[in-house]
Structure formats: structure tokens, C-alpha cells
Amino acid sequence: MDEDVLKARTRLACNQQLGTADFKRWVLECIGNPRNSTILDLGCGEGQFALVLAKTNKVVAVDLARANIEYVREQAGKQNVRLHAVQADFDHYNPSIKFDCVLGCYTLYYSKDHQHLFARIRQWLKQDGLLFFCGPDDGNNEELGQLLRDSGAGHRFKSMDEAKSFMDDAPKQLRDLGFSTQLVSFSNPIVFKNPSQIMQYWKSTALYDKRIEGNVSRVIEAHFQSFPTFTLTKRVKGIQARIRR
Ligand SMILES: C[S@@+](CC[C@H](N)C(=O)[O-])C[C@H]1O[C@@H](n2cnc3c(N)ncnc32)[C@H](O)[C@@H]1O
């Protein structure tokens, strides 16, 4: 299996098992807990949203990774839900129907051309349709960043910066395309109970750097000699966008 897919699965498992807030419920609320709607889930991953939504809606789930699409199809079969899972790059994908909701969680910043993708999504939405997507907010992973600085990491983390600047720039890009936008936010404190849980999580993120692994391990061990847990807060920014009438 692709290394990025494995890393994304590790992060998702940590967030779900050690997180203290319900991210999935928040996302479903942000899209209005739809029923009897047509929904396009872009970059669906393992289908944590698509599979739930497909119980009461018509869902198309798209992901670049074949392993994810196979997994979603298998789970849909096991859970006896119907959905259409497509392996495709959303920068080139063209759906054949229009949607009440287009969803993109932690994924749209992978697009090679954000403005073009937004313009295409606009065409895929019904007149009253909702585009909702989310990604990292200011201060996301700050405690991990501090821990890495304490370990001697002095450099910036480019991939995280790219995702954040995508989220910062998106409202203006969307308004230029005739959307109205609304920002929402969410915090999920992830509570790690031992050093190996944090090491495993760090290794699954874009912040991992093998060169400082020894130092990071020592700083984490020292933290746990003084405290019973280490809390890392996932700060999420969500954007709800609708076509202006
Ligand atoms: C961090 S995961 C998020 C998965 C899911 N949305 C969730 O929140 O659980 C990002 C997903 O985007 C997918 N992805 C990345 N670039 C893509 C592209 N150009 N087209 C379609 N999917 C893409 C990856 O394969 C991965 O499954």
C-alpha cells in the first residue's frame, strides 16, 4: 500500500481513538446532516463521511488512491450501503450529475490548481448547493511544533504552510467566483498517554524528520517524567460556500 495512504490511516486512527471531540459529527453538522440529497465526497479517504452519508443519501466518493477506493467499496458491501466509489484525480474528474453538497475534508489543498477546481465545483453544484471543506487552522499542531523546536528543529514545515495558506486564500478565491462564504472552526484535543503514541503520530505527519528522531524521543521521554499525558490540539477551519443568487 502507498506510504501516504498508510500515514493518513495512522493519523485518522489516532484522531479517532485519542481525540476528545467528535470531528465526524462536527463535519456532518456543518453540511446540515443531509437526507435524500446528492453528495460528492472529494478525496474521501477511507470513507469516514461517505459511508455514513450513503445510508440516507446518494453519494459519489472520489479518491486518487486505489487502496482507499477498494476499501470504501468493501466497507460499503459489508455495511450493505450503496454508493458510487470512483478512483480519480479530482483535478480531472467530471461527474455526470449535479450535487446538493460537495464535501472535501483535508484534501482540496492537494489540487494543483485551486481556482480551477473551485470553478469546476461551482458547475457541479445545484443552485442552492453547498460546498463544505476543511483543513488546518492557525495554531494547529502548535504543541507538536513546540516539542520539535525544543528538540532542536529550527526549520519551517513547508507542506503544512501550503495547506494553511490554501485555507487562508480560499474565501477570496471563492468570492471571486460568485460564492458567499462562511467560516467555522473546531478544536479537537488529542491526548497521548505514552511516548510511543506521539512518536507514531509524528512519523505519520509531514512534520517528521528522521534526522532529529533521537532528540525528539528524548524530549518526549522527559515530558512524560513530569506529566501523565501530552495533549496536541487539532485546530480545524471549515469553509461553507454557496453560490450567490
Ligand atoms: C488526509 S486524507 C483525508 C480523507 C478524508 N477526506 C477524511 O477526512 O477522512 C486526504 C485524501 O485525499 C486524497 N487525494 C489527494 N489528492 C487527490 C486528488 N488529486 N484527487 C483525489 N483524491 C486526492 C488522498 O488519497 C487521501 O485519501
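Whatever comes next refers back to the structure up there.
About the thresholds
- Residues numbered from 1 in each chain as written.
- Predicted model: local features only at pLDDT ≥ 70, side-chain atom pairs only at ≥ 80, totals over all residues.
- Helix = DSSP H or I, 4+ residues; strand = E, 2+ residues; numbered from the N terminus.
- Rg over C-alpha atoms; globule rule 2.2 N^0.38 Å.
- Contact = placed C-beta atoms within 7 Å.
- Axes fitted to C-alpha atoms, helices over the stretch in contact; angles between N-to-C directions.
- Left-handed = near helix turned anticlockwise from the far one by under 90°.
- Nonpolar A, V, L, I, M, F, W, Y, C, P; charged D, E, K, R; others polar.
- Near = placed C-beta within 6 Å.
- Pairing = 2+ DSSP bridges.
- Buried ≥ 20, exposed ≤ 12 C-beta atoms within 10 Å, placed from the backbone.
- Arc of directions from axis to C-beta.

Looking at the overall build of the protein
Thought 1: Of the regular secondary structure elements, the protein holds 9 helices and 7 strands.
Thought 2: Relative to its length of 245 residues, the protein is compact, with a C-alpha radius of gyration of 19 Å against a globular reference of 18 Å.
Thought 3: Along the first, second and third principal axes, the C-alpha atoms of the protein reach 55 × 45 × 30 Å.
Thought 4: Expressed as a percentage of contacts within the protein between residues at least 6 apart in sequence, the contacts between residues at least 24 apart total 78%.

A word on the packing of helix 8 (residues 195–203) against helix 9 (residues 213–226)
Thought 1: The contact between helix 8 and helix 9 brings their axes to 9 Å, and the two run at 145°. For the pair helix 8 and helix 9, the sense of crossing is right-handed. Taking contact as the criterion, the partners of P195, I198, M199 and W202 in helix 8 are, on helix 9, V216, S217, I220, E221 and F224.
Thought 2: The residue inventory of the contact of helix 8 with helix 9, partitioned by class, reads 7 nonpolar, 1 polar and 1 charged.

Overview of the site of the ligand
Thought 1: Contacts to the ligand come from 18 residues, most closely from G43, G45, L64, C105 and Y110.
Thought 2: Partitioning the shell around the ligand into residue classes produces 10 nonpolar, 5 polar and 3 charged.

Focus: the sheet that holds strand 5 (residues 125–136)
Thought 1: Taken together, 7 strands build an open sheet; the order of strands is 3-2-1-4-5-7-6 and the sheet is mixed. Across the chains shown, the open sheet's two edge strands, defined by having one partner strand only, are strand 3 (84–87) and strand 6 (179–192). In this sheet, neighbouring strand axes are inclined to one another by 15° on average, regardless of whether the strands run parallel or antiparallel.
Thought 2: Across 7 bridges, the pairing between strand 5 and strand 7 (residues 230–243) is antiparallel. Pairing of L130 across the sheet is with R242, part of strand 7.

Comments concerning helix 8
Thought 1: Those residues of helix 8 that sit buried are I198, Y201 and W202. The arc that holds the buried residues of helix 8, viewed along the axis, is 100°, so those residues lie on one side.
Thought 2: In this structure, the buried residues of helix 8 make contact with helix 1 (3–18), helix 6 (142–150), strand 6, helix 9 and strand 7.

Describing the pairing of strand 7
Thought 1: With 14 bridges connecting them, strand 6 and strand 7 associate as antiparallel partners. Pairing of V184 across the sheet is with G238, part of strand 7.

Don't take any of this as a statement about function, it's just geometry.
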